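Residues per chain are reported as follows:
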Amino acid sequence: MNPDSDPTQPVQPKVRPMMDVAPPQQPLTQTPVSPAPQTPQTLPSAEPSGTPAPAQTSSNEQSQPVTKPPKTRKNLVLVIIVAVVITLLLVGVAIFFYLRSNNTTPEAPAATQTAPTDDGRVGPEDIDQTISEIDNSLNSVNDSTDFGQNDLTNTTIGL
Amino acid sequence: MSDGGMNKRTKLFAVLLLLPLGILVPVLSIKSYQLPIVNAQTRETSAGLQNRQEKYRAAVADKVSTSEQERLKTRCLAVQTNIKSLDVRLGTIQTKRGEAYDAIIKNLSDLQTRLADQAFETSKLESDTSELTQKVNAYKVLMKDYKQAVSDMTAIDCTTDPVAFKGALEAARTKHAELITQVGGIREYVINTIKPSLEQIKQQLADGRTAGGNQ
C-alpha cells in the first residue's frame, strides 16, 4: 500500500531502505533523523486502513509522555489579577492619607517673593516689584461685580 | 487531580475575595473620611439655623404684614432658586477675594521684614500694614455673615416661615451694603495710603539712605 494514498496521514520520509521481507507488525518508534514531530502512527501497510485515529492516538500515549496544557499561562493571569488588586488597595490607602493631609486649612497663597538684589538688600526695584504685585492682587477682584448694588433687590431676586 | 482542583479553588477564592476589597477599600476610605465631616456640618447647621431663624424672625416680626407673608409664600420658592445661584457665586468670591487680600498683606509683611533686616526704619509701613490687616479681617467677618444670611435664605422653609425668610433677606441686604463700603475702603486704603508709603520708601532707597523714616 502506498502511504501517499491516505490523505490524512503525513508522508513519512523514507528512512529505511526497501526491504523484501515482510514489514514489521508493531508500530515503529520515532527515528532521530526525522526533524518534525511525527504523528504517532504505524506504517499503513502494517495495519488495516480502517483503523480509527483516536485508537492510534491512545495507543501512542502509552509510549510517549502526554504534554499537559500550559499551566504557566493560567498562573500568569492569576498573578496579574492579584497584582492589580493589591495595587488598587494601595491606591485606596494612598488616597485616604492624601485627603487627610489636605484637610489642613489651606494656606494663603504665597505671594511672589520680591527678588532680592545681588547683595540681598532691598532696592528700589524690589519696591517696584512689590507695588506691581499689590496691583495685580487688587485688580484680580472686581468690587462692582462681586458686590453689585442690585444683587438683592426685589427685582433681581424675583420677589 | 484533586490537588490541582483544590489549588484552583483556593486561587479563585483568593481572587474573588481580594478583587472586591480592592474596589471597596478605596471607596469606603473616601466615604468614611467625608462622612464625619458631613455629619458634623449637618448637625451644626440644623442647630445653628434654628437659632438664626429665631433671630431673623425677631428682627422683622413687626414689619411683615399678613399680605406680605402671603405674597412671600407664593413667590419665595422661585426666589430661593435665584438665591442659590448667588450663594454659589459668593463662595467663589469669598475664596478669591480673601486670597487676594492675604497676598497683599503677605507682600507687605515680607518687604517689612527685609527692610528691618537692613536696619531700615519701617514703623510707617508696619502701621499701614497693621491697619490694612484690620480692615481685611473686618471684611472677612462681614463676608462670612453675608454668606451665612444668603445660605439661610435657601435653607429656611419659606412657605411655613415667611417671616424668618424675610428676616434673613433683610439681614443679607444689610451685610451686603456694609460689604460694599468695606471693600471700597480697602481698595481706597491700598491705593491712597499703602502705595504712597511704598513710593516713599523706594525714593529713600534710591537716594541711598540706609534708614527710612519721615523727614
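Definitions and cut-offs
- As a convention, each chain's residues are numbered from 1 in the sequence order in which they are written.
- All chains are assigned letters beginning with A, and all ligands numbers beginning with 1, in the order in which they are written.
- For this predicted model, a pLDDT threshold of at least 70 governs which residues receive local features, and a threshold of 80 or more governs which side-chain atom pairs are given and counted, while totals over whole chains, interfaces and linings are taken from all residues.
- Hydrogens and water molecules were not included; the side-chain quantities draw on all heavy atoms of the structure.
- Numbering of helices and strands runs from the N terminus, with a helix taken as a DSSP run of H or I at least four residues long and a strand as a DSSP run of E at least two residues long.
- Burial here depends on accessible area, computed with a 1.4 Å probe over protein chains only, as a share of the maximum for the residue type. Under 20% is buried, over 50% is exposed, and the range in between is partly exposed.
- Contacts are assigned to residue pairs with any non-hydrogen atoms lying within 4.5 Å of each other.
- Values of accessible area rely on a 1.4 Å probe in the Shrake-Rupley scheme; residue burial ignores everything except the protein chains shown.
- Here the expected span of a helix is defined as 1.5 Å times the quantity of residues minus one.
- The bend at a residue is defined as the angle formed between two axes, one fitted to the seven residues ending at that residue and one fitted to the seven starting there.
- Two cysteine sulfurs form what is called a disulfide whenever their separation falls within 2.5 Å.
- Definition used in this section: a nonpolar core is a set of buried Ala, Val, Leu, Ile, Met, Phe, Trp, Tyr and Cys residues joined via side-chain atoms within 4.5 Å.
- Each residue carries a pLDDT value, the predictor's own confidence for that position, ranging from 0 to 100.

Colleague: Is there a simple way to think about the overall build of chain A in this case?
Modeller: If you tally the helices and strands in chain A, you get five helices and zero strands. When the elements of chain A are put in sequence order from the N terminus, they spell out α-α-α-α-α. Counting over 159 residues, chain A shows a buried share of 19%. Sequence-distant contacts in chain A: of pairs separated by 6 or more residues, those separated by 24 or more amount to 27%. Taken as a whole, chain A presents about 11,500 Å² of accessible surface, with 61% of it coming from carbon and sulfur.

Colleague: How do you make sense of the overall build of chain B when you look at a structure like this?
Modeller: Regarding its fold elements, chain B presents four helices and zero strands. Mapped in sequence order, the helices and strands of chain B form the string α-α-α-α. Sorting the 215 residues of chain B into buried and exposed places 38% on the buried side. Of all intrachain contacts in chain B linking residues separated by at least 6 positions in sequence, the fraction that spans at least 24 positions is 82%. Of the roughly 11,800 Å² of accessible surface on chain B, a fraction of 57% belongs to carbon and sulfur atoms.

Colleague: Explain unusual backbone geometry to me, please; I cannot follow it from the model alone.
Modeller: If a residue is not glycine, its phi is most likely negative; likewise, a peptide bond is most likely trans. In the Ramachandran plot, Ala119 of chain B falls in the positive-phi region, its phi being about 60° despite a non-glycine side chain. Of note, Ala119 of chain B is situated in the loop between helix 2 (66-117) and helix 3 (123-155).

Colleague: Got a minute to help me understand helix 4 (residues 162-206) of chain B in this structure?
Modeller: Three or four residues apart is the spacing at which side chains of an α-helix point the same way, because the helix has 3.6 residues per turn. Residues and elements named next belong to chain B. Taking 1.5 Å per residue, 45 residues should reach 66 Å; helix 4 reaches 64 Å between its end C-alpha atoms and fits that length. At Val190, helix 4 shows its strongest bend, of approximately 35°. Positive backbone phi, approximately 85°, marks Gly208, located one or two places after helix 4.

Colleague: Would you mind showing me how to read the state of the cysteines here?
Modeller: Here a disulfide denotes one covalent bond, and it connects the sulfur atoms of two cysteines. Residue and element names in this part refer to chain B. The final tally for this structure, using the stated rule, is one disulfide over all chains. Across the disulfide, Cys76 is cross-linked to Cys158 (sulfur-sulfur distance 2.0 Å). The sign of the S-S torsion, about 75°, decides the handedness of the disulfide formed by Cys76 and Cys158: right-handed. With Cys76 in helix 2 and Cys158 in the loop between helix 3 and helix 4, this residue pair connects regions lying 82 residues apart in the sequence.

Colleague: Can you help me understand the nonpolar core in this one?
Modeller: A general feature of soluble globular proteins is that nonpolar side chains tend to end up buried together. In this structure, Leu132, Tyr146 and Leu198 of chain B are the most contacted members of the largest nonpolar core, which totals 54 residues. For this core, the elements supplying multiple residues, two or more each, are helix 3 (124-139) of chain A together with helix 1 (2-60), helix 2, helix 3 and helix 4 of chain B. Considering each element in turn, this core owes the most residues, 15 residues, to helix 4 of chain B. In this structure Leu198 of chain B touches Ile127, Thr130, Ile131 and Ile134 of chain A together with Leu108, Leu111 and Leu125 of chain B, once residues within four positions along its chain are discounted.

Colleague: So what exactly am I meant to see when it comes to the confidence of the model for chain B here?
Modeller: Interpretation of this model should avoid reading the predicted coordinates in detail wherever pLDDT is low. Summing up the model confidence of chain B, the mean pLDDT is 86 and the portion of residues at 70 or higher is 87%. Interface confidence for the predicted complex, expressed as ipTM, amounts to 0.75; the pTM equals 0.59.

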